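Coordinate inspection notes
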Amino acid sequence: MRNSSGLKESGRAGLALALLFGVNLLNFYDRHILATVNEPIRRQYGFSDTQLGWLGTAFILLYAVVGVPLGRLADRWNRKKLLSLGLLSWSVLAALSGAAAGFWSLFLTRLGMGVGEAACAPVASSLIGDYYPAHRRARAISIFMLGLPLGAALSYFISAAVAQSYGWRYAFFVAGLPGLLLALAILWLLDEPARGAAETIRVGASRRSGSPYWLVLSIPTMWWIIASGALHNFNMYALAQFLPSFLIRSHGLSLRQAGLVSGVVLGVAGGLGLFFGGALADRLARTRANGRLLLGSLCLFAAVPLKVAALGQPPGHPVAFLLWMLPGCMMTYVYYSTVYAAIQDVVEPSLRGTAMAVYFFAMYALGGSIGPVVTGTVSDYMARQAAGGALVTEQFKAIGLHQAMYLIPALELLVGLVLFAGSRTVSRDQQNLKAWMEQAAEPIPAK
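Being a predicted model, the structure only gives us computed values, none of them experimental.

Inspection of the entire model under this criterion finds 18 aromatic pairs. Ring centres of Phe103 and Phe107 lie 5.9 Å apart, and the angle between their planes is 25°; on these two criteria the pair is classed as stacked. Residue Phe103 and its partner Phe107 are located together in helix α5 (residues 103-117), separated by four residues, close to a single helical turn. Both residues of the pair, Phe103 and Phe107, belong to the buried class.

Here it is in structure tokens:
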């Protein structure tokens, strides 16, 4: 039977994970509002798909740059204060987006949101690593990452309904208050655990000597993980930014219907992939050191033909599209459960915030920031080609976006190959980390 101390520790960890899940849910809720209301904004201001892509990219530009120093700060300063401040700032700016008067005002509020949101992943990943031991970590991270698909789903559901009933500006206005309340809850309820508290070998705040960034980059597996993140985020942000528009243009759905289908595709299917992927990743990691990354690679390979089949459905057949895209997205979301835990398998506790920040810089600066813009630019180009010099009507814009969406499964195949390469180096990196931690170990105090 678990003693009272064990029950208390489990309760602290459970409360922390619930709060962190809530933060991540709001994180992805707020960033998906714009994608949900792309079409009414485009029609009001006459934006091209390239401009829509830049708006989707805007917050990523500062997110990627500011995330690196914030990740380092997460390894040195009070993490719950940093997280609360980030949540407060992005919630205010998300609400202010509803008062935008055109392209540049929207662009600037999105830029500002990136500063606040950059604190979320490094801080949360570092805290989860200190609350949960290695054999439970992938499952805990998968629960935290459920905020991604569920936040996106709620954003598509609620924002589309609000925008259709009251106008697109109100979809942004309703986003502010939940973040303010949760920021206060983080300050009052979240504990700050000791760094490395959940490790079987305790090293406290110790780390190898040298530049923290170079130490992270000296781990071979991190290079494969970083490359996979850039490619994966290209796809995820391209899909999230243009999926509602694709459903409206190619399959004739209303704004509310497109929000519903997008929420099911990215929310329900993504949530299932994360939850079951985390449990399976933990199980495989007990018998194979490379089990997490191998699982992620195989699931990405499986997603490619499913998404190709979904995009191959003829216009006006949203149900057939949904039936193929649901399992495709479920396979794709296993990526997060496997890769986030694998980073903690090869990086010492006092550098995990830094490692996540470096990884996220590549994900967003080299992937997420490019995906929407490139997809939008290809969409505009293909629309002009389809028009053949004539006026680019809505019909040709639908054709252009449809063809641009095939970039997503093509790059997903490459992500799977990169993760497979990472599965060939992770075992040795885990052994190197264990050897260093045994050498630097501190005595574990008796309870």
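What follows deals with the side chain of Asp380. Position of Asp380 relative to the elements: it lies in helix α17 (residues 371-387). Within the buried set, Asp380 has no salt-bridge partner at all; the shortest N-O distance to an opposite charge, 5.2 Å, is to Arg384. Beyond its immediate chain neighbours, meaning those up to four positions away, Asp380 contacts Ser48, Asp49 and Thr50.

Attention now goes to the pattern of salt bridges. Tallied over the full model, the rule gives nine salt bridges. Between Arg42 and Glu394 there is a salt bridge; the shortest N-O distance is 3.0 Å. Remark: Glu394 occurs in helix α18 (residues 394-404) and Arg42 occurs in helix α2 (residues 38-45); sequence separation between them is 352 residues. Judged by its relative accessible area of 4%, Arg42 is buried. Of the charged contacts, one joins Asp282 and Arg292 as a salt bridge, the two residues approaching to 2.8 Å between their closest N and O atoms. Taken together, the positions of Asp282 in helix α13 (residues 255-287) and Arg292 in helix α14 (residues 291-311) put the pair 10 residues apart, joining distant regions of the chain. Salt bridges here are not isolated pairs; linked through shared partners, they connect Glu39, Arg42, Arg43, Asp49, Arg249, Glu394 and Lys397.

Time to look at helix α10 (residues 176-189). Side chains of residues three or four places apart in an α-helix project in the same direction, reflecting 3.6 residues per turn. In this model, α10 (14 residues) spans 21 Å end to end at C-alpha, consistent with the 20 Å of a helix rising 1.5 Å per residue. Taken residue by residue, α10 has Gly176, Gly179, Leu182, Ala183, Ala185 and Ile186 as its buried positions.

Let's shift gears to the confidence of the model for the protein. Confidence in the prediction of the protein, expressed as mean pLDDT, is 83, and 91% of residues score 70 or more. Counted against residues more than four places away or in other chains, residues 1-7, with its pLDDT under 50, gives two contacts.

What follows is about α14. A rise of 1.5 Å per residue sets the reference length of α14, with its 21 residues, at 30 Å; its end C-alpha atoms lie 31 Å apart and thus fit the reference within 8%. Counted residue by residue, α14 has 15 buried out of 21 residues, so it is predominantly covered.

Take the environment of Met437 next. Tracing the backbone shows Met437 in helix α20 (residues 426-439). On the basis of relative accessibility, which here comes to 5%, the residue Met437 falls in the buried class. Met437 sits 218 residues away from Ile219 along the chain, and the two C-alpha atoms are 15 Å apart.

Looking now at a nonpolar patch on the surface. Taken together, the side chains of Leu88, Val92, Leu96, Leu177, Leu180 and Leu181 define a hydrophobic patch exposed on the protein surface, amounting to about 510 Å² of accessible area. Listing elements by their share of the nonpolar patch, those giving two or more residues are α4 (79-96) and α10. Its place among the elements puts Leu181 in helix α10. Its relative accessible area of 52% is what places Leu181 among the exposed residues.

What follows deals with a positive patch on the surface. A cluster of basic side chains, namely Arg136, Arg139, Arg283 and Arg286, defines a positive patch on the protein surface. Taken together, the elements giving at least two residues each to the positive patch come down to α7 (134-145) and α13. Residue classification places Arg283 among the exposed residues on the basis of a relative accessible area of 59%.

Time to look at the side chain of Thr50. Here Thr50 is to be found in helix α3 (residues 49-74). A polar contact of 2.6 Å, which involves the side chain of Thr50, links it to the side chain of Asp380. Sequence-distant contacts of Thr50, defined by excluding residues within four places in its chain, comprise Gly376, Thr377 and Asp380.

Another point: the packing of helix α12 (residues 220-251) against helix α16 (residues 352-368). It is the contact of α12 with α16, at a shortest axis distance of 7 Å, that shows an interaxial angle of 40°. The angle between the axes of α12 and α16 places the two elements in the oblique class. Relative to α16, α12 is oriented so that their crossing is right-handed. Mapping the contact onto sequence places Met222, Ile225, Ile226, Gly229, Ala230, Asn233, Phe234 and Tyr237 in α12 and Ala355, Val358, Tyr359, Ala362, Met363, Tyr364, Leu366, Gly367 and Gly368 in α16. By residue class, the composition of the contact of α12 with α16 is 13 nonpolar, four polar and no charged.

Rules behind the numbers
Within each chain, residue numbers correspond to sequence positions counted from 1 in written order. Restriction of local features to residues with pLDDT of at least 70 applies here, the model being predicted, together with a cutoff of 80 or more for giving and counting side-chain atom pairs; totals for whole chains, interfaces and linings are based on all residues. The side-chain values count all of the structure's non-hydrogen atoms but skip hydrogen atoms and water molecules. Ring pairs are drawn from Phe, Tyr and Trp, using the six-membered ring of Trp, whenever the two centres fall within 6.5 Å, and their geometry is named by plane angle: stacked under 30 degrees, edge-to-face over 60, tilted for the rest. Per the convention used, a helix needs a DSSP run of H or I reaching at least four residues, while a strand needs a run of E reaching at least two, with both numbered from the N terminus. Relative accessible area decides the class of each residue, using a 1.4 Å probe on protein chains only: under 20% of the type maximum gives buried, over 50% gives exposed, and in between gives partly exposed. Counted as positive: Lys and Arg. Counted as negative: Asp and Glu, with His and the chain ends omitted from the count. By definition, a salt bridge exists where a carboxyl oxygen of Asp or Glu is found within 4 Å of a side-chain nitrogen of Lys or Arg. Contact between two residues is taken to exist if any of their heavy atoms lie within 4.5 Å; hydrogens are not considered. To estimate the expected span of a helix, subtract one from its residue number and multiply by 1.5 Å. Confidence of the predictor in every single residue is expressed as pLDDT, which spans 0 to 100. Only residues whose relative accessible area exceeds 30% and that take part in no salt bridge are eligible for patches, with like-charged residues grouped when within 9 Å of each other and nonpolar side chains (Val, Leu, Ile, Met, Phe, Trp, Tyr) grouped when within 5 Å. Per-residue accessibility takes into account occlusion by the displayed protein chains alone, with areas from the Shrake-Rupley method and a 1.4 Å probe. Where a charge lies is defined by one atom per residue type: Lys uses NZ, Arg uses CZ, Asp uses CG and Glu uses CD. By the criterion applied in these results, polar contacts are pairs of N or O atoms within 3.5 Å in which, for protein atoms, one can donate a hydrogen and the other can accept it, and in which residues neighboring in sequence qualify only through two side-chain atoms. For helices, the axis comes from a line fit to the C-alpha atoms of the stretch in contact; other axes are also lines fit to C-alpha atoms, and the angle between any two N-to-C directions lies between 0 and 180 degrees. For classification, angles of less than 35 degrees are called roughly parallel, those exceeding 145 degrees roughly antiparallel, those between 65 and 115 degrees roughly perpendicular, and all remaining angles oblique. In this scheme, a crossing is called left-handed if the near helix is turned counterclockwise away from the far one by less than a right angle; it is called right-handed if the turn is clockwise. All amino acids are sorted into three groups, where Ala, Val, Leu, Ile, Met, Phe, Trp, Tyr, Cys and Pro are nonpolar, Asp, Glu, Lys and Arg are charged, and the leftover types, Gly among them, are polar.

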